[in-house]
Amino acid sequence: MGIIKTKASSESAVLISGVSWTLLQVLVGQGSNVLVRIVLAVLIAPEAFGVFTMAAVISGILGTMTEYGLAAALIQMDSRKLRREHFNAAFWMSIFLSSTTFVVLAGILAPIYAVSLEEPALAIIIPVLMVAPYLHSLAIISRVKLARQLKFKMISQITMTAQLISIAVAVVLAMNEFGLWSLVFQAITLYGLMAAFTFYQTRWLPSINLSMSAVREIYKFSGYDLFHRMFIYLSANLDKIMIAKLLGSGPLGIYAICYLLTDVIRQQLMSAVNKVMFTGFSRTKNDTEQVKTYHLEIIQICTLIVTPFMLLIILFAEDSVRLLLGEQWSAATIPLQLLGIAAIIHS
């Protein structure tokens, strides 16, 4: 009994450490990202942010399809049943799905989308931007291996390093008048470096042998997750598509900045906690009381972090917009306050 308690407390300590490091990653990474978007907003017009957001909606579909629930499936699988064949199957499934989705989105959907929104540049921007999530898919197994080993400190260090380098790239490009392409190449740099750094830590390489039984087992875990994730993604981005269609790139750019400062930060903070706690859930899924404890801890941590931050945004929105973003973003004050209130309710 003492050994079991010691093991449980040890895992709890690892999870708490994981939450701390992952939250640090979010605070540094998202804080730096917000800061650089503010800098870029001074250099780039709202219309450019709007066009980038239009492209990001389609690129994000590839990011959602890439995972296909594979990471979640591999993390949830019992360690006693998990074999190299499962990792190999998940990798090739990811590559096949990513490549197929890339071709369909770039070759068919992007041109139609560009014509529909009357933004011809999207037909070029979208395929280039999709390189970022495609690179991300190449390191899916390496990320899972680090997560299963509870190496959240290493994951956080990799992510923070890649974020800071990509931000530097974006600022340099923006200062040299690359406009919205600064944001595009920031994304590519970020995911490319994360993939490279993660691979360096694990040195995992796939084999050409594909076990169909492993594919079926992975699909059993991940099939439903794909449809769930895609439904959530499209629901979360329907507002951006409607604003783009009805109001155009300028209002969408203003909305995108406000959304970044409020709901995106809320999502990132909650995601940081959920990523770590999900691993805890998978290890204690048969212990109902422990799962309840983890769930309550997630709610408490997220509420304590999100609410004070959003209150500051709501109270000082007008001055912050004028001082940090400039007059071209003055229309962002009221949307920023409304989205801040929504973020508090949502948390």
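Residues numbered from 1 in each chain as written. Predicted model: local features only at pLDDT ≥ 70, side-chain atom pairs only at ≥ 80, totals over all residues. Heavy atoms only, no water.

1. A look at the overall build of the protein
Now for step 1: A count of helical and extended segments in the protein gives 14 helices and 0 strands.
Now for step 2: The order of α-helices and β-strands along the protein, N terminus first, is α-α-α-α-α-α-α-α-α-α-α-α-α-α.
Now for step 3: Counting only residues that meet the buried cut, the protein has 48% of its 347 residues in that class.
Now for step 4: Summarising the internal contacts of the protein: among those between residues at least 6 apart in sequence, 83% fall at separations of at least 24. (Helix = DSSP H or I, 4+ residues; strand = E, 2+ residues; numbered from the N terminus. Buried < 20%, exposed > 50% of the residue type's maximum accessible area, 1.4 Å probe, protein only. Contact = heavy atoms within 4.5 Å.)

2. With respect to the packing of aromatic side chains
Now for step 1: Under the criterion given, the structure shown has 6 aromatic pairs.
Now for step 2: Taken together, a centroid distance of 6.0 Å and an interplanar angle of 80° make the contact between Phe102 and Tyr134 edge-to-face. Note that Phe102 is positioned in helix H4 (residues 84-116) and Tyr134 in helix H6 (residues 131-137), a separation of 32 residues in sequence.
Now for step 3: Among the residues examined, Phe102 registers a relative accessible area of 21% and is labelled partly exposed.
Now for step 4: Using a relative accessible area of 23% as the deciding quantity, one classes Tyr134 as partly exposed.
Now for step 5: Judged by centre distance (6.0 Å) and plane angle (35°), the ring pair of Trp181 and Phe185 falls under tilted. (Phe/Tyr/Trp six-rings, centres within 6.5 Å; stacked < 30°, edge-to-face > 60°.)

3. Regarding the nonpolar core
Now for step 1: If you look at the biggest cluster of nonpolar residues, it comprises 62 residues, and the most contacted ones within it are Leu40, Phe49, Tyr113, Leu122, Ile126 and Trp329.
Now for step 2: With 11 residues, the top contributor of residues to this core is helix H2 (residues 46-67).
Now for step 3: Ignoring any residue separated from it by four or fewer positions in sequence, one finds Leu122 in contact with Val51, Met54, Ala55, Tyr113, Ala114, Leu117 and Pro127.
Now for step 4: Counting residues in hydrophobic clusters, the runner-up holds 20 residues, among them Ala71, Ile140, Val215 and Ile218. (Core = buried A, V, L, I, M, F, W, Y, C linked by side-chain atoms within 4.5 Å.)

4. Here's the deal with the pattern of salt bridges
Now for step 1: The tally for this structure, following the rule as stated, stands at 2 salt bridges.
Now for step 2: In this structure, Glu85 and Arg83 form a salt bridge, with 3.5 Å as the shortest nitrogen-oxygen distance.
Now for step 3: The class of Glu85 is partly exposed, set by a relative accessible area of 37%.
Now for step 4: The residue Arg322 makes a salt bridge to Asp319 at a minimum N-O spacing of 3.1 Å. Taken together, the residues Arg322 and Asp319, both in helix H13 (residues 317-325) and 3 residues apart, mark about one turn of the helix.
Now for step 5: Classification of Arg322 by relative accessible area gives partly exposed; the value is 41%. (Salt bridge = Lys/Arg side-chain N within 4 Å of Asp/Glu carboxyl O.)

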